[in-house]
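Results of the structural survey
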Protein chains: 2
Amino acid sequence: MANLKSTLPLSASPTLVFKHSKENIEGLVQHISSTNDIEYTQDPSSCFSKSKTSHSFAAPHETPTVVFCPKTTAEVASIVSACHERNVAITSFGGGTSLGGALAATRGGICIDFKYMDNIIKLNEDDLDVVVQPNIGWVELNAFLDKKGLFFPPDPAPGAKIGGMIAMGCSGTNAYRYGTMKDWVISLTIVLADGTIVKTRNRPRKSSAGYDLTNLIVGSEGTLALVTEAVLKVTSLPQNLHVGMAVFPDLQKGVDVAVKILKSGHLLEAIEMTDTGCIRALNHSGLSKQKFEVLPSLFLKFAGSKQNVAEQIQFVSQLCTAQGAKSFDASGDKERVDVLWGARKALGNAIVTMKKSPDDIFAHTDAAVPISQLAKLVGESERIVAETGKDWFVCNVAHAGDGNAHTGVVCPKEEKGEAEKILAKIQKLALELDGTITGEHGVGLKLRDLLTEEVGEAGVDAMRRIKFALDPKGLLNPDKVVRLDVNIYE
Amino acid sequence: MANLKSTLPLSASPTLVFKHSKENIEGLVQHISSTNDIEYTQDPSSCFSKSKTSHSFAAPHETPTVVFCPKTTAEVASIVSACHERNVAITSFGGGTSLGGALAATRGGICIDFKYMDNIIKLNEDDLDVVVQPNIGWVELNAFLDKKGLFFPPDPAPGAKIGGMIAMGCSGTNAYRYGTMKDWVISLTIVLADGTIVKTRNRPRKSSAGYDLTNLIVGSEGTLALVTEAVLKVTSLPQNLHVGMAVFPDLQKGVDVAVKILKSGHLLEAIEMTDTGCIRALNHSGLSKQKFEVLPSLFLKFAGSKQNVAEQIQFVSQLCTAQGAKSFDASGDKERVDVLWGARKALGNAIVTMKKSPDDIFAHTDAAVPISQLAKLVGESERIVAETGKDWFVCNVAHAGDGNAHTGVVCPKEEKGEAEKILAKIQKLALELDGTITGEHGVGLKLRDLLTEEVGEAGVDAMRRIKFALDPKGLLNPDKVVRLDVNIYE
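These remarks concern the structure in this document. Predicted model, so just to flag it, every value in this text is computed and none were measured.

Rules behind the numbers
- Residues numbered from 1 in each chain as written.
- Chains lettered and ligands numbered in written order.
- Predicted model: local features only at pLDDT ≥ 70, side-chain atom pairs only at ≥ 80, totals over all residues.
- Heavy atoms only, no water.
- Helix = DSSP H or I, 4+ residues; strand = E, 2+ residues; numbered from the N terminus.
- Rg over C-alpha atoms; globule rule 2.2 N^0.38 Å.
- Buried < 20%, exposed > 50% of the residue type's maximum accessible area, 1.4 Å probe, protein only.
- Contact = heavy atoms within 4.5 Å.
- Areas by Shrake-Rupley, 256 points an atom, 1.4 Å probe, with all protein chains shown as cover.
- Lys, Arg positive; Asp, Glu negative; His and termini not counted.
- Charge placed at Lys NZ, Arg CZ, Asp CG, Glu CD.
- Least-squares fit on C-alpha atoms with pLDDT ≥ 70 in both.
- Pairing = 2+ DSSP bridges.
- Axes fitted to C-alpha atoms, helices over the stretch in contact; angles between N-to-C directions.
- Buried area = accessible area lost by both parts, 1.4 Å probe.
- Salt bridge = Lys/Arg side-chain N within 4 Å of Asp/Glu carboxyl O.
- Polar contact = N/O pair within 3.5 Å; in protein donor to acceptor, adjacent residues only side chain to side chain.
- Parallel < 35°, antiparallel > 145°, perpendicular 65-115°, else oblique.
- Left-handed = near helix turned anticlockwise from the far one by under 90°.
- Expected span 1.5 Å × (residues − 1).
- 1 Å grid on protein atoms, 1.4 Å probe; cavity = no way out; pocket = protein on both sides within 12 Å on 5 of 7 lines; lining within 4 Å.
- Points joined across faces, edges and corners; volume = space filled by probe spheres on them.
- Nonpolar A, V, L, I, M, F, W, Y, C, P; charged D, E, K, R; others polar.
- Phe/Tyr/Trp six-rings, centres within 6.5 Å; stacked < 30°, edge-to-face > 60°.
- Lys NZ or Arg CZ within 6 Å of the ring centre and 35° of its normal.
- Core = buried A, V, L, I, M, F, W, Y, C linked by side-chain atoms within 4.5 Å.

**Regarding the overall build of chain A**
A count of helical and extended segments in chain A gives 15 helices and 19 strands. The globule rule puts the C-alpha radius of gyration for 490 residues at 23 Å, and the 23 Å found for chain A is close to it. Considered along the principal axes of its C-alpha atoms, chain A spans approximately 70 × 55 × 45 Å. Burial status across chain A gives 63% buried among its 490 residues. Sequence-distant contacts, at least 24 apart, represent 74% of the contacts inside chain A between residues at least 6 apart. If you sum the accessible surface of chain A, you get close to 17,300 Å²; carbon and sulfur atoms cover 51% of it. Averaging the locations of the 52 positively and 57 negatively charged side chains of chain A gives two centres separated by 1 Å.

Below, the structure is given as structure tokens:
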């Protein structure tokens, strides 16, 4: 009898059948190469060696056997269709910057490397949208748009590609002002698990035409469909860029200023917060020309008309004084902008310089909470790490405008397990504060069990129901986001 | 054998079994009233008589047999669970302002009237969010928020309730500046078709935690789940409200101004466009104190700091002159704001006054196109209606900032079928212009076949796959958005 429930518990999941025998994979390669002219390699390091993130590729048995490099949506569909026919698992590769194990080929199978699908197809200037292939990077896209006075706001790690950014529903320092990927994708061309091609929408700015397939795919981490083309919104380039820095005696005062800016109606470009750990790392790294005072700080960005920027800066300056800031300064001088925002952008690399040994690891959270809870999250995070009594380096950097905080620790490799347990505690704290375990990095393999604590068994079971509805054989990036079978993959 | 495809064509849909015998419904009522203290009535007009829209309730056989009026999520879940057990179809009722047949109980069954679930549960001022039950209206919500200096932007028909607004993914005149419902819903508490309760997210502003159940439900028109609670974003109340009106010799010049405003980086509050038909209706209706020149016009709204508003107005004024506007004026005088925006808001009622006979009907489209195509859509719409040679009243009003245009016709009742065919032509034209058949009203019963032209058979089949995954018996608001069985319901 068919399951007539609305959810699918793990215990009721269908048995997964992957056919990854040498024979079946060779047959697949032969079939694909005889019907298409698609480049492929049996050396997975061809793409994975480009990956810069430690989490992105796991143990040796998690290696795909073949990597295909298609050039068109039709070619992707033909590969996926053949894999569906033969029960072969599919992972995909773009910029290789994802975290949390999103790229691990847990079941083996094949990988689709999107490296040849990196074109900007069409810019529609009057409509403020651009049609792109998945492997264009946001940095490259912005270099192109900049010449037209346009701008695509989501700004994760510099190597990230649009396809992966869609997969993870990512954001970055511009998200408070401009929103996340969800807010910048108009339409997607996708290939479903059986090779069916769907275009989720046309190009209007808004639509109420049926279920929102676009946003179902954004953030689905390659588990529901592969994205082969996207229509993205773009906006006009911010004018009169200014930066500001406010230094506070304690973190709560900084959060108070951020809350008051949000409620004021003034729309800044970015409101980033760093704790003393971050400042220590910056000063220690030598990556910034400036030495900063070791206190909690807000890094602010302003743009708009000259008058508007002047008003914003005056407002924030007065606010900082009223809230007991130790100092506030702002500038539109290009060198100052580069130094200050450069320091904020260098933070990730600066933290890595806090390793005492080259083998030390850097692990971090991605919690987001309602902004009123941000100071509590960060304060408690510091306390939770301190309680371990470990001599780890710890720091907190927050996208304060949207309550997203990364607690980072640098610790010896041997203490990785312990560090991850501590970070999980902080993520659970975020849940207690009505927040999320992941504001922008995604679930991957790492956060699946915490996801159950966030949306409940019923929520995860509803997600699993959707996964198996669109991918009944469980072939697309298996084991990510939700567990697929009781033979738990760890 | 299970269907291992990613989509579900109509021909492969399961057979629907509704058990609406008098006996089964009476048993249901008895079960629910014996285990809960839930008010119910067997007179469906108790709620439907409140409905103000002609499309919202269809033929007599499309009447639910019983209307339940629950007060809590748990009560809704108990009703839905009992209906699932007994194969009884469920429609729901909120403000009764939906269009396109969204409320028609095509299969009979029961209705859930949310009238007792109209509370504001909690305002989180510092987090700029508010927790509400589904039957609070956006007008009432804004009356409450206004006292706190806050504001909830989506502004459809005045009687609309939050639950229905979520169901339809609606918007209104504020959407260009603030986005649609999708942009203002943080999290939902939903009851799935088998009575399972899911909370889609906590309260952080952003999240990458698993599939986006929230946005899957927004715009799903009550077919995937019932919404029993919502966390909504709010923002600060616009300051220094000014309005402006620009009059153009032709429509294209007005669109050109709108495009240039969008690309300028200036963020106005609203950019609405009316053609000569609208102006004639306004003048004819006597609903506005002002008589307007019968030419295509932009109605503009500005807000922000005084300086900012002055800059915006200066920019638009110069732009209008450069683009050949016949006139432009702007004012922050409260009376002028009320007269001008009141005229824009009175437009719907003004058009109704163009009826030559009280029996005449008013029918309209809801197409949205990339803004560069807006003048073409409106111009061609006028031509398509003129071609009929009918002496119908026709007009076009557009949310120009996001390319959403409503072509309205007033015609004799007997010509309703013909009018609908003409409007369908305009909607198809919108598709040719890379647009959508519905920017903000939803699919309902009316637009199901055009939806196939918009997202293709594969897109609709993927949506049907999701429908049956979450609602395997097809009980929730059946026949809306996608067809459920080959015994086509018309």
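**What about the relation of the copies chain B and chain A?**
The two copies are related by a screw operation: chain B maps onto chain A through 180° of rotation and 0.0 Å of translation along the axis, at an RMSD of 0.0 Å. The transformation just described matches what one would write down for a two-fold rotation axis. Mapped onto chain A, 100% of the interface residues of chain B are again interface residues, and the two copies thus contact each other with one and the same surface.

**With respect to the sheet that holds strand β3 (residues 90-93) of chain B**
Residues and elements named next belong to chain B. Strand order across the open sheet formed by 4 strands is β1-β2-β4-β3, with mixed pairing between neighbours. Here the strands that pair on one side only, and so sit at the sheet edges, are β1 (39-41) and β3. The mean inter-strand angle of the sheet, taken between neighbouring strand axes irrespective of direction, is 25°. With 3 bridges joining them, strand β2 (residues 66-69) and strand β4 (residues 110-113) adopt parallel strand pairing. Directly across from F68, in β4, lies its bridge partner I112. Of the strands in this sheet, β1, β2 and β4 touch helix α1 (residues 22-35), which is tilted by about 15° from β2. The strands that helix α3 (residues 73-86) touches are β2, β3 and β4; relative to β4, the one it contacts most, it runs at about 170°.

**A short note on unusual backbone geometry**
The phi torsion of most residues other than glycine is negative, and most of the peptide bonds are trans. Its identity is not glycine, yet D479(A) carries a phi of approximately 75°, on the positive side. Checked against the element boundaries, D479(A) lands in the segment after α15 (448-470).

**Quick notes on the interface of chain B and chain A**
Each partner contributes to the interface: chain B provides 93 residues, whereas chain A provides 93 residues. Buried area between chain B and chain A, summed over both chains or domains, comes out near 7,100 Å², and the portion from carbon and sulfur atoms is 57%. On the chain B side of the contact with chain A, K206(B), S208(B) and Y211(B) bury the most area, a combined 13% of that side's loss. Notably, a salt bridge pairs D212(B) with K182(A), separated by 2.9 Å at the nearest N-O pair. In this assembly, chain B and chain A are joined by 44 residue pairs in polar contact (both at pLDDT 80 or more). Mapped onto the side of chain B that touches chain A, the elements with two or more residues apiece are α6 (175-178), β9 (197-199), α7 (213-217), α8 (251-264), α10 (306-322) and α15 (448-470) of chain B. A total of 13 residues in the side of chain B that touches chain A trace back to one element, the largest contributor, which is α15(B).

**Digging into the sheet that holds strand β2 (residues 66-69) of chain A**
All names here are of chain A. The mixed open sheet is built from 4 strands, whose spatial order is β1-β2-β4-β3. Lying at the two open borders of the sheet, with one neighbouring strand each, are β1 (39-41) and β3 (90-93). Across the sheet, the mean angle separating the axes of adjacent strands is 25° when strand polarity is ignored. Strand contacts of helix α1 (residues 22-35): β1, β2 and β4 (110-113), with the helix running at about 15° to β2, the strand carrying the most contacts. Contacts between helix α3 (residues 73-86) and the sheet are confined to β2, β3 and β4, with β4 contributing the most and set at about 170° to the helix.

**Comments concerning the packing of α15(A) against α15(B)**
Where α15(A) meets α15(B), the closest approach of the two axes is 9 Å, and the angle between their N-to-C directions is 140°. The orientation of α15(A) relative to α15(B) falls into the category oblique. Like other packed secondary-structure pairs, α15(A) and α15(B) cross with a definite hand, here right-handed. Residue-level contacts link A462(A), R465(A), I466(A), F468(A), A469(A) and L470(A) of α15(A) to A462(B), R465(B), I466(B), F468(B), A469(B) and L470(B) of α15(B).

**Topic: the side chain of E272(B)**
Residue and element names in this part refer to chain B. Following the sequence through the fold, E272 ends up in strand β13 (residues 270-274). Separated by 2.9 Å, the side chains of E272 and H399 make a polar contact. Discounting chain neighbours no more than four positions away, the residues touching E272 are T173, S297, L298, F299, W341, R344, A398, H399 and A400.

**Some details on α8(B)**
Residues and elements named next belong to chain B. Under the 1.5 Å per step criterion, the end-to-end length of α8 is 20 Å for 14 residues, consistent within 8% with the ideal 20 Å. Among the structural elements, α6, β13, β14 (297-302), α10 and α13 (374-387) are those in contact with the buried residues of α8. A positive backbone phi angle near 90° is found at G265, which sits one or two residues after α8.

**Topic: empty space enclosed by the protein**
Residues and elements named next belong to chain A. Taken as a whole, this structure holds 5 cavities of 30 Å³ or more when the rule is applied. Quantified by volume, the largest cavity comes out at close to 80 Å³. As for the largest cavity, its lining consists of L99, G100, H364, T365, D366, Q427, H441, G442, V443, K446 and L447. Residue composition of the lining of the largest cavity, by class: 3 nonpolar, 6 polar and 2 charged.

**Concerning the environment of D359(B)**
In this fold, D359(B) is placed in the loop between α12 (347-352) and β16 (361-364). Along the backbone, D359(B) and D129(B) are 230 residues apart, and their C-alpha atoms lie at a distance of 45 Å.

**Here's the deal with the packing of aromatic side chains**
Any two aromatic rings considered together are summarised by their centre-to-centre distance and by the angle between their planes. In total, this model carries 10 aromatic pairs over all chains according to the counting rule given. Pairing Y40(B) with F68(B) gives two aromatic rings, centres 5.9 Å apart and planes at 45°, and the pair type is tilted. Of this pair, Y40(B) sits in strand β1 while F68(B) is found in strand β2, placing the two residues 28 residues apart along the sequence. Taking the relative accessible area as the measure of exposure, F68(B) reaches 0% and is therefore buried. Ring-pair connections join several aromatic residues into one group, and the members of that group are F151(A), F152(A), Y178(A) and W184(A). A cation over a ring is seen here: K71(B) above Y116(B), with NZ or CZ 4.8 Å from the ring centre.

**Concerning the nonpolar core**
F152(A), I162(A), I271(A), F152(B), I162(B) and I271(B) are the most contacted members of the largest nonpolar core, which totals 206 residues. In this structure I162(A) touches V132(A), P134(A), I136(A), W138(A), L141(A), F152(A), M181(A) and L232(A), once residues within four positions along its chain are discounted.

**Quick word on the pattern of salt bridges**
Counted by the stated rule, this structure contains 56 salt bridges over all chains. Between K263(B) and E125(A) there is a salt bridge; the shortest N-O distance is 4.0 Å. Residue K263(B) is located in helix α8, and its partner E125(A) is located in the loop between β5 (120-124) and β6 (129-132); the two belong to separate chains. K263(B) sits in the partly exposed class, given a relative accessible area of 28%. Look at E125(A) and you get partly exposed, because its relative accessible area is 31%. Close ionic contact of E269(A) with R177(A) constitutes a salt bridge, the shortest N to O distance being 3.6 Å. Here E269(A), found in the loop between α8 (251-264) and β13 (270-274), pairs with R177(A), found in helix α6 (residues 175-178); they are 92 residues apart in sequence, far enough to count as distant. Exposure remark for E269(A): the relative accessible area of 5% places this residue in the buried category. Residue R177(A) is classed as partly exposed on the basis of its relative accessible area, which comes to 22%.

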